[in-house]
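# Descriptive analysis of the structure
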Amino acid sequence: MKFAPLRDPSSVRQCDSRSAALSRLGGGSGWTRRVSTACTCLAIVFAAALPTSHSEAGEPAGAFVKQLRGAGYFDTAIAYLDRVDKIKGIDPEFVKAIPLEKAQTFIEQALVTRKSDDRDKAFVSAEAELKSFLKNKNHPRRSEANLQLGKLQMIRAGQLIAGEPTADKRVRGRSSYLEATKTFDGIVATLKTKLEGMRGQKIDPEADPEAAALRDQYRFEYLQSQLNAADAMLQAAKTFDDPAKGGKKQLEDAATRLAELNKKYASYVPGAMALASLGEIKELLGKKNEALDHYIRMFEQPDVDPLREPKYKSASGFIRIKLAEDPPKYKEALDRTENYGKQVRPNEATLPSVQDFRIQLAKAYLAKAADSSLKKGEISRAKSSARELLADAKKVPGPHVEETESLLADLGIESKAPTMPTAEPPKSFEDAIEKANQILSVSTELEAAIKVLEGQPETDELKKQQADLTKQITESRSIGIQILRNGLVMTTSETPPESIHQARQILAYFLYQSRRYRETLVVGNFLARNAPGTDLGLKGGLMALRSMQILLAEIPDEENSGLIRQLESLGEYLGQTWPDNPDAAAAKGMQVRLLLDKGDFASAQAMIEKMPASSERGSFKRLLGRLFWNDSVNARVQEKDEEKSAELVARAKTSLQQGLDEISGALVEAEGVEAALVLAKIHLLQGNSDQALKVLDEETYGPLKKLSSMSDLSDTFAGQAHSTELKALVGQMLASDTPDQYLGRMTSTMAKLRESFQGPEAQKNLTNTYMVLATDLKGQLDTAAPAKKAKLVDAFQVMLERLSGTTQDPATLRWIGQTLSSMGESLMQETRPPAKGQAAELLKQSIATFNSLKDQDNQSLLYMKGHSQRLAGEFKASIDTLEKFLQKNPLVLEVQVEAALAYEDWASTLKPSTAYKAYRAALEGSRKNADGENTIWGWAKISKK
């Protein structure tokens, strides 16, 4: 089979969590992977509507939520998402995507939840949030949400029909699969229209990489959705007792879809993967030869990661068909597939498809062993190979285990259950210790078995296995507790203290694992205080601490004062008794976390200050500083309490700086760098741009120093860091008597800023950053002394000329134009247009820059250009430009005012014989639209509005 060769991509971009990777098969060399980020460039932003400074914003919301999910704080993530829309400065697009972020949080929570009821509840919540998000018809992440919804529907369907489902569950599972098909079909229809529209645009990846990236994302989702829709249809058919009869319609529909996908897109991953599913469908329909053809074609695909599992599935199907022939053609089966059995990777060892393949391959070896015409050595080796495959499959719990054990039994291998001591009273203390250790060993094995089960798809059989194992563990611990308590009363003065401590430590462990936390607290506390300085004493004390923490979470606040005192007492004792042990020191950390969870920052801060100098204390100070910072934003934005906000900012600054100063050695965790960025923002908020730069450039934790070495920073962090750097540099230029010394770094930073903004919101984020800078710059220039203003204008003019000659980025060029306009307006002071001298020169450069942009219909561009034209004295051109804006958006008051000012300023330059016409237009409005209404309102109507 041949594959169309691919040109090497000119560049590989870093993609964020919403990026799509579109893989395509190459000629003879394997794979060429296109990793692309989807970018949208449309954003209407007005300087007057922007916040005065991005440093007012809290931490990047997306990164914060991602961190919470990664740490398993799902409830906290949901609580944060419930209030994030009230925090000033959060990206509006993120706010619009809150339901999608909630859905992702619920899905991740479901995947790690052990209780089936809680898992179902999380999946239901995820589906509800996805459907809520999909009401937004125009969000760029809509197709991503649809894909998630479809996959979620398939997961829930799989849960319903797992094991031995009832007839009702089969019907419900089938319905869910068919709903998933409709979801994926909807994605296909939407993306097909978008891709057809792009086809006519002849996108050049080098000239317009963002449009090319968006096209690749759409194409990936388009193909993946086709594959998913067909797979959902196939799974729906398999819910019938006889898929070939009851599900024939679904099977044939799925086969048609998959054949079309493979025919058109065989050189892409989804198109190649379709072969395995096609083979399965033909096998179910009894068309063995067609099934074999598809399986063989799957084998011939390149050896790449995404196609490994489809090849295992195809190998299983190939073996089934060959062994079903009379006589079984085991040789053909082994020749084609036994090599796959030697290539199973560690990360594939627990896949259900691999277990099925192992069993089928073992059957092929057993068929070979049953061939009496072979030599004894060959028969023996065939049995050995089968035994090895079945033993590997048996290690992985799941619905295949029963068949595996049956095949092993045919080979003379029986399963042996671990033996468990009975609850019979011990004969002596030594007998009690021996039995307790035996119980501990057996229960540990059972716990390991449950852990393996948790990674398997949930079925009724799996639930039964988990329930049986859990019951055995519970019973074993109960027996262990009873035996140890009986044994401890048999100690004598000659019993070694170490043995008694060991018994109490095992007893505390059994009690803790049995969730008998009050008893654990008593035994663990007693052990810690009677075995000071020993490892057993420390383990007992830590179990007591953890028990206290759990009890405190369960007991109402008004009833937990006694427990808190015990916690403080034991924590203090452990810290003093095991001063060099990090686990003992963690007792303080436990108390700090408890106080932070309750929002008692003052008490938490006091306790942190009492902790010995350590990396943990530093991390707590940094965490506390970030919490103070977030609260300061809420105090300023929500509560409108500037005094409270300023106090919280001061506390955040102190705590962050102290926490960063306590970093020793190389910084390995991202939270330290993220804390440093918050500190830099605080310095900027307080007008200390020099201090902000020092933090950004610091060798140990400086965000600009650590960008390249920290792999776990969020995708938006680089943009945040360079935005902060740029604002600090502007502040330095404004404060310096020699601003030109910063020109080189400013130019370099702006280039890095453009590169760091990636993803669908790249242009919008870059535009927002530039707009805020322009607004800040104008405010500073307006208040600067004349001599200082002249130096600043000269320095910025040189920098802007450099930039304009090196970039075609529309956001950057708009910023250059607006900055030139701001400087020109500042030099005009209170004089009326037209501008004179250097102010006029700057305004003309501003207009020329605006005219160089391609998108002359951009609303923010029209407003800024019209404003510059008015100041420069190009009054008719200004009115024409502003009219173009108002034809689409007549209700924007700022633009109506600008147009009235243009007429008024124009009138002041005309002869009296004609000036009255301009004055009348300024007062009464002009430029009739199709409805006979004035597009430009004039002062009379503006005053009424």
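This one's a predicted model, so the numbers in the text were calculated from it and none came from an experiment.

A count of helices and strands for the chain gives 41 helices and 4 strands. Taking all 945 residues of the chain together, 50% fall into the buried category. Once local pairs closer than 6 in sequence are excluded, the contacts in the chain between residues at least 24 apart make up 63%. Summing over all exposed atoms, the chain offers an accessible surface of approximately 44900 Å²; the carbon and sulfur share of this is 50%.

So, about the nonpolar core. Within the largest apolar cluster, 76 residues are counted, with the highest numbers of intra-cluster contacts made by Y80, V84 and V592. When residues of this core are assigned to their parent elements, the largest contribution, 10 residues, is made by helix 28 (residues 670-685). The residues touching V84, leaving out its near neighbours within four places in the chain, are A61, I90, F94 and I98. Counting residues in hydrophobic clusters, the runner-up holds 37 residues, among them I506, L511, Y512 and L542.

This next bit is on unusual backbone geometry. With an omega dihedral of -5 degrees, the bond running from D326 to P327 counts as a cis peptide bond. Residue position: P327 is located in the loop between helix 13 (308-323) and helix 14 (330-341). Positive phi, normally seen in glycine, also occurs at R515, with a value near 65 degrees. Positionally, R515 belongs in the loop between helix 20 (497-513) and helix 21 (517-530).

Right, let's talk about a negative patch on the surface for a bit. Taken together, the side chains of E164, E402, E405, D460 and E461 present a region of like negative charge at the surface. Elements that contribute at least two residues to the negative patch include exactly helix 17 (401-410) and helix 19 (460-488). Residue position: D460 is located in helix 19.

It is worth spelling out the packing of aromatic side chains at this point. Counted under the stated rule, the structure contains 9 aromatic pairs. With a centroid separation of 5.7 Å and 40 degrees between ring planes, the pair formed by F299 and Y340 is classed as tilted. On the criterion of sequence distance, the pair formed by F299 in helix 12 (residues 288-299) and Y340 in helix 14 is long-range, its members being 41 residues apart. We note that F299, like Y340, is buried. On the basis of an interplanar angle of 85 degrees and a centroid distance of 6.3 Å, the ring pair of Y573 and W578 is categorised as edge-to-face. Judged by relative accessible area, which is 17%, Y573 ranks as buried. Here the aromatic residues F299, Y312, F318, Y340 and F357 are joined through ring pairs into a cluster of three or more. Cation over ring: R529 sits above Y573, and NZ or CZ is 4.6 Å from the ring centre. Sitting over the ring of Y512, R546 keeps its end group 5.9 Å from the ring centre.

Attention now moves to the confidence of the model for the chain. Residue-level pLDDT values for the chain average 80, and 85% of them are 70 or greater. Within the model, pLDDT remains below 50 along residues 1-59, and this stretch shows 160 contacts once partners closer than five positions in the same chain are excluded.

A few words on the environment of T404. By the element assignment, T404 lies in helix 17. Distance from T404 to A393, taken between C-alpha atoms, is 7.1 Å for residues 11 residues apart in sequence. Apart from the residues lying within four places of it in its own chain, the contact partners of T404 are I359, L390, A393 and K394.

On to the pattern of salt bridges, then. In the structure shown here, the tally under the stated rule is 43 salt bridges. Across the salt bridge formed by K182 and E179, the nearest N and O atoms sit 3.7 Å from each other. Remark: E179 and K182 occur in helix 7 (residues 167-199); sequence separation between them is 3 residues, near one turn of the helix. Judged by relative accessible area, E179 falls into the partly exposed class, the value being 35%. Taken together, the shared-partner salt bridges in this structure form one network comprising R832, R870, E898, E904 and D905.

Moving on, we come to the side chain of R358. With respect to the helices and strands, R358 occurs in helix 15 (residues 352-369). The side chain of R358 is buried and forms no salt bridge, while D392, the nearest opposite charge, is found at 4.5 Å. Only 3.0 Å separates the side chain of R358 from the side chain of Q355, close enough to count as a polar contact. For R358, the contacting residues outside a window of four places in its chain are V344, A349, L389, D392, A393 and V396.

Those residues of helix 17 that fall on the buried side of the exposure criterion are V401, T404, L407 and L408. Down the axis of helix 17, the sector holding all buried residues measures 125 degrees, keeping them to one side. Turned more than 90 degrees from where helix 17 packs its buried face, E402 and D410 sit exposed. On its buried side, helix 17 packs onto helix 15 and helix 16 (376-394).

Turning next to the packing of helix 1 (residues 61-70) against helix 2 (residues 74-83). At a minimum axis distance of 8 Å, the contact between helix 1 and helix 2 shows a crossing angle of 155 degrees. Judged by the angle between their axes, helix 1 and helix 2 are roughly antiparallel. Crossing hand, helix 1 versus helix 2: left-handed. Side by side, helix 1 and helix 2 meet where A61, F64, V65, L68 and R69 of the first sit next to F74, T76, A77, Y80 and L81 of the second. When grouped by side-chain class, the residues that make up the contact of helix 1 with helix 2 number 8 nonpolar, 1 polar and 1 charged.

Turning next to the environment of A877. For A877, the position within the fold is in helix 38 (residues 875-888). Overall, A877 belongs to the partly exposed group, its relative accessible area being 28%. Each C-alpha atom, one on A877 and one on G866, is 7.5 Å from the other, the two residues being 11 residues apart in sequence.

With respect to the helices and strands, A872 occurs in helix 37 (residues 859-872). With 33 residues separating them along the chain, A872 and A839 place their C-alpha atoms 8.3 Å apart. The contacts of A872, once residues within four sequence positions are left out, are P834, A835, L843 and I847.

Here helix 13 crosses helix 15 at 30 degrees, and the two axes come no closer than 9 Å. Judged by the angle between their axes, helix 13 and helix 15 are roughly parallel. Every pair of crossing elements has a handedness; the one defined by helix 13 and helix 15 is left-handed. In contact with E309, Y312, K313, A315, S316, I319, R320 and L323 of helix 13, helix 15 contributes S353, V354, D356, F357, Q360, L361, K363, A364 and A367.

Cut-off values and rules
- Residue positions within a chain follow its written sequence, with the count starting from 1.
- Totals for whole chains, interfaces and linings use every residue, but because this is a predicted model, local features are given only for residues with pLDDT of at least 70 and side-chain atom pairs only at 80 or more, for both listing and counting.
- Hydrogens and water molecules were not included; the side-chain quantities draw on all heavy atoms of the structure.
- Each helix corresponds to a stretch of at least 4 residues labelled H or I by DSSP, and each strand to a stretch of at least 2 residues labelled E; elements are numbered beginning at the N terminus.
- Whether a residue is buried, partly exposed or exposed follows from its accessible area with a 1.4 Å probe, protein chains only, as a fraction of its type maximum: under 20%, in between, or over 50%, in that order.
- In what follows, residue pairs with any heavy atoms lying within 4.5 Å of each other are defined as contacts.
- For the accessible areas, the method is Shrake-Rupley and the probe is 1.4 Å, while residue cover comes only from the protein chains on display.
- Note on terminology: a nonpolar core comprises buried Ala, Val, Leu, Ile, Met, Phe, Trp, Tyr and Cys residues joined through side-chain atoms within 4.5 Å.
- By definition, no residue in a patch forms a salt bridge, and every one has over 30% relative accessible area; like charges are joined within 9 Å, nonpolar side chains (Val, Leu, Ile, Met, Phe, Trp, Tyr) within 5 Å.
- Counted as salt bridges are all cases of a side-chain nitrogen of Lys or Arg within 4 Å of a carboxyl oxygen of Asp or Glu.
- Counted charges follow a simple rule, with Lys and Arg positive, Asp and Glu negative, and His plus the chain ends left uncounted.
- Here the site of a charge means atom NZ of a Lys, CZ of an Arg, CG of an Asp or CD of a Glu.
- To pair, rings of Phe, Tyr and Trp, with the six-membered ring standing in for Trp, must have centres within 6.5 Å; the planes then decide the type, stacked if under 30 degrees apart, edge-to-face if over 60, and tilted in the middle.
- Charges are assigned to positions over rings by a cutoff of 6 Å between ring centre and Lys NZ or Arg CZ, combined with an angular limit of 35 degrees from the ring normal.
- A residue's pLDDT is simply how confident the predictor is in it, with values from 0 to 100.
- Pairing of N or O atoms within 3.5 Å defines a polar contact, subject to two protein rules: one partner must be a possible hydrogen donor and the other a possible acceptor, and residues neighboring in sequence count only if both atoms are side-chain atoms.
- In this description, the arc belongs to the directions extending from the helix axis to the C-beta atoms.
- Here, axes are lines fitted to C-alpha atoms. For helices the fit covers the stretch in contact, and angles between N-to-C directions go from 0 to 180 degrees.
- In this scheme, roughly parallel covers angles under 35 degrees and roughly antiparallel covers those over 145, while 65 to 115 is roughly perpendicular and the rest are oblique.
- Left-handed describes a crossing whose near helix is turned anticlockwise from the far helix by less than a right angle; the clockwise case is right-handed.
- Each residue gets one label: Ala, Val, Leu, Ile, Met, Phe, Trp, Tyr, Cys and Pro are nonpolar, Asp, Glu, Lys and Arg are charged, and the others, such as Gly, are polar.

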